[in-house]
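Spelled out, the chains give:
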Amino acid sequence: MHAAGNDYVYIVDQGYETERLAEFSRFASDRHKGIGGDGVICVKKLAENAIRMRIFNSDGSEGATCGNGMRCAALFAAKYLGTNPNELTVKAKAGDYSVRLVFNENGATAEADFAEPREIFGGEKLFKALSPFIKTDKNKMFAVNAGNDHLVVAGGEFNAEIYAKAAFRSGLFAGGVNAEVISFCGNDIKVSVFERGSGYTLSCGSGAVASAFALKKITGRTEFTLKMPGGNLSVKFSDKIAMLKGEINEVFTGNIDYEIQ
C-alpha cells in the first residue's frame, strides 16, 4: 500500500520477535531482491475500533510513528481485519492516533490526527551544532518532534540528505533524524524528505506535519498543501491538533515463501 508514494508492505501481527521482523523488513523492502517498499508495517487488531502498528524501516530499525503508514494501516485493518472504518485508534510506538477513512468513486482518503508538534530546541542551538559541518541559517531551520524527530529547513541551499548527514555528525539527534527541505515555486510548497532508516522517500506523513508546523511559525497560516515527489498531503491546525489528510492506495496483495520465527 502507498500514500503519496510512501509505500510499505503490510502484514498481520502474529507475535513475531522484533529481530525477526527487522530481518524480514530488510528483505521485503529490497526493490530488486524482495517485494519492494520503504519498510514493513505489522498490524494487530485490538478491538473493533483499535489497532496496533509496528513500523520497520528498510534498514530494519523500528520507527516511532508514520503518518502515511497509519493511514494505510487503517484501510488494511478495515479491509482484512474487520475493524470500524469510520473512526479508528491506531496505537504506535510514539502514541495513539485517531484515523478516519473516507471512501469515494476514486478510492479512499484518510485523515489522521496528530498532537500539534513541538519545537525541540531553537535555531540558535541548531546553528551552533550544525555550522561546523554545513552552511546554515538559524532563522530557516527547525528541530521539530511530530512523534519522531525532524530537521526542517525552509529554502535550504542543500538537499535533504546533506542536512540529515550533517545532523548525524553533530550528535544533536541521538536517535537519528528525518530531514525535510522546503522549497517555494510560485504558490506551490514543495517538500523533499530523507528519512532515518529508509533514505529518500516519495513522501512522509509525519514529515508533512513537521514541515507544516515550521511553515505555521514562519507565515502564521494554519492550512497547507504540501507537494512531495509522490503526491500531495494536506495539513490543517486546529485546537492543538494537526490533521494530516491525503489519498491512500492498495497496490497489490500476494503470498511469499518466507519463514518468520
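Our subject is the structure listed above.
Here is a short report on the structure shown in this document. The structure presented is a predicted model; accordingly, all values stated were derived computationally and were not measured.

**Side note on the pairing of strand β16 (residues 223-228)**
Alright, step 1. Judged by which residues are buried, β16 turns out to be one-sided: Phe224, Leu226 and Met228 face inward and are buried, whereas Glu223, Thr225 and Lys227, on the alternate face, are not.
Alright, step 2. The pairing of strand β14 (residues 188-195) with β16 spans 2 bridges and is parallel. Note on β16: the bridge partner recorded for isoleucine 189 is leucine 226.
Alright, step 3. Bridge count between β16 and strand β17 (residues 231-238): 6 bridges; the pairing is antiparallel. Among the inter-strand pairings, lysine 227 is bridged to a residue of β17, identified as asparagine 232.

**Digging into the side chain of aspartate 113**
Alright, step 1. Here aspartate 113 shows up in strand β9 (residues 107-115).
Alright, step 2. A distance of 3.0 Å separates the side chain of aspartate 113 from the side chain of arginine 100, its partner in a polar contact.
Alright, step 3. Setting aside residues no more than four positions away along its own chain, aspartate 113 makes contact with Tyr97, Ser98, Arg100, Ile241, Ala242 and Met243.

**Here's the deal with a nonpolar patch on the surface**
Alright, step 1. Residues Ile35, Val251, Phe252 and Ile256 make up a contiguous nonpolar surface patch of roughly 360 Å² in combined accessible area.
Alright, step 2. Examined against the element boundaries, isoleucine 35 turns out to sit in the loop between α1 (18-29) and β4 (39-47).
Alright, step 3. Assessed through its relative accessible area of 30%, isoleucine 35 is described here as partly exposed.

**Focus on the layout of surface pockets**
Alright, step 1. Of the volumes computed, that of the largest pocket is approximately 700 Å³.
Alright, step 2. Looking at the largest pocket, it is lined by 23 residues, and the ones nearest its centre are Val9, Tyr10, Ile11, Ile35 and Gly254.
Alright, step 3. Only β3 (9-12) and α2 (67-80) provide two or more residues apiece to the lining of the largest pocket.
Alright, step 4. No other element matches the 4 residues that β3 contributes to the lining of the largest pocket.
Alright, step 5. Looking at the lining of the largest pocket residue by residue, the classes come out as 16 nonpolar, 5 polar and 2 charged.
Alright, step 6. Approximately 260 Å³ is the volume found for the second largest pocket.
Alright, step 7. Listed by contribution, the elements that provide at least two residues to the lining of the second largest pocket are β5 (50-57) and α5 (205-219).

**Notes on the packing of aromatic side chains**
Alright, step 1. A full pass over the atoms with the stated rule returns 9 aromatic pairs.
Alright, step 2. Put simply, the rings of Tyr10, Phe76 and Tyr80 touch in pairs and so form one group of aromatic residues.
Alright, step 3. We note lysine 216 situated over the ring of phenylalanine 237; from NZ or CZ to the ring centre the distance is 5.6 Å.

**Some remarks on the nonpolar core**
Across soluble globular proteins, you tend to see nonpolar side chains buried next to one another.
Alright, step 1. If you look at the biggest cluster of nonpolar residues, it comprises 54 residues, and the most contacted ones within it are Tyr10, Val43, Met53, Met70, Phe114, Val235 and Ile248.
Alright, step 2. If we ignore the near neighbours within four places in the chain, the residues touching methionine 70 are Met53, Thr65, Val90, Tyr97, Val99, Ala112 and Phe114.
Alright, step 3. Leu126, Ile134, Leu151 and Phe173 belong to the second-largest nonpolar core, a separate cluster that totals 19 residues.

**A few points about the pairing of β17**
Alright, step 1. From the end of β16 to the start of β17, which pair antiparallel, there are 2 residues.
Alright, step 2. Pairing between β17 and strand β18 (residues 241-248): 5 bridges, direction antiparallel. Paired with serine 238 across the two strands is isoleucine 241, which belongs to β18.
Alright, step 3. Between β17 and the antiparallel strand that follows it, β18, lie 2 residues; aspartate 239 among them carries a positive phi value of about 50 degrees.

**Re α5**
Alright, step 1. Between its terminal C-alpha atoms α5 stretches 21 Å, which fits the 21 Å expected from 15 residues at 1.5 Å a residue.
Alright, step 2. Burial of α5 is extensive: 11 of the 15 residues sit out of reach of the surface.
Alright, step 3. Looking only at α5, the buried set comprises Gly205, Ser206, Gly207, Ala208, Val209, Ala210, Ser211, Ala212, Phe213, Ala214 and Leu215.
Alright, step 4. Of the residues flanking the end of α5, it is glycine 220, one or two places downstream, whose phi is positive at about 85 degrees.

Conventions we followed
- Residues numbered from 1 in each chain as written.
- Predicted model: local features only at pLDDT ≥ 70, side-chain atom pairs only at ≥ 80, totals over all residues.
- Heavy atoms only, no water.
- Buried < 20%, exposed > 50% of the residue type's maximum accessible area, 1.4 Å probe, protein only.
- Helix = DSSP H or I, 4+ residues; strand = E, 2+ residues; numbered from the N terminus.
- Pairing = 2+ DSSP bridges.
- Polar contact = N/O pair within 3.5 Å; in protein donor to acceptor, adjacent residues only side chain to side chain.
- Contact = heavy atoms within 4.5 Å.
- Patch = residues over 30% accessible without salt bridge, like charges linked within 9 Å, V, L, I, M, F, W, Y side chains within 5 Å.
- Areas by Shrake-Rupley, 256 points an atom, 1.4 Å probe, with all protein chains shown as cover.
- Salt bridge = Lys/Arg side-chain N within 4 Å of Asp/Glu carboxyl O.
- 1 Å grid on protein atoms, 1.4 Å probe; cavity = no way out; pocket = protein on both sides within 12 Å on 5 of 7 lines; lining within 4 Å.
- Points joined across faces, edges and corners; volume = space filled by probe spheres on them.
- Nonpolar A, V, L, I, M, F, W, Y, C, P; charged D, E, K, R; others polar.
- Phe/Tyr/Trp six-rings, centres within 6.5 Å; stacked < 30°, edge-to-face > 60°.
- Lys NZ or Arg CZ within 6 Å of the ring centre and 35° of its normal.
- Core = buried A, V, L, I, M, F, W, Y, C linked by side-chain atoms within 4.5 Å.
- Expected span 1.5 Å × (residues − 1).

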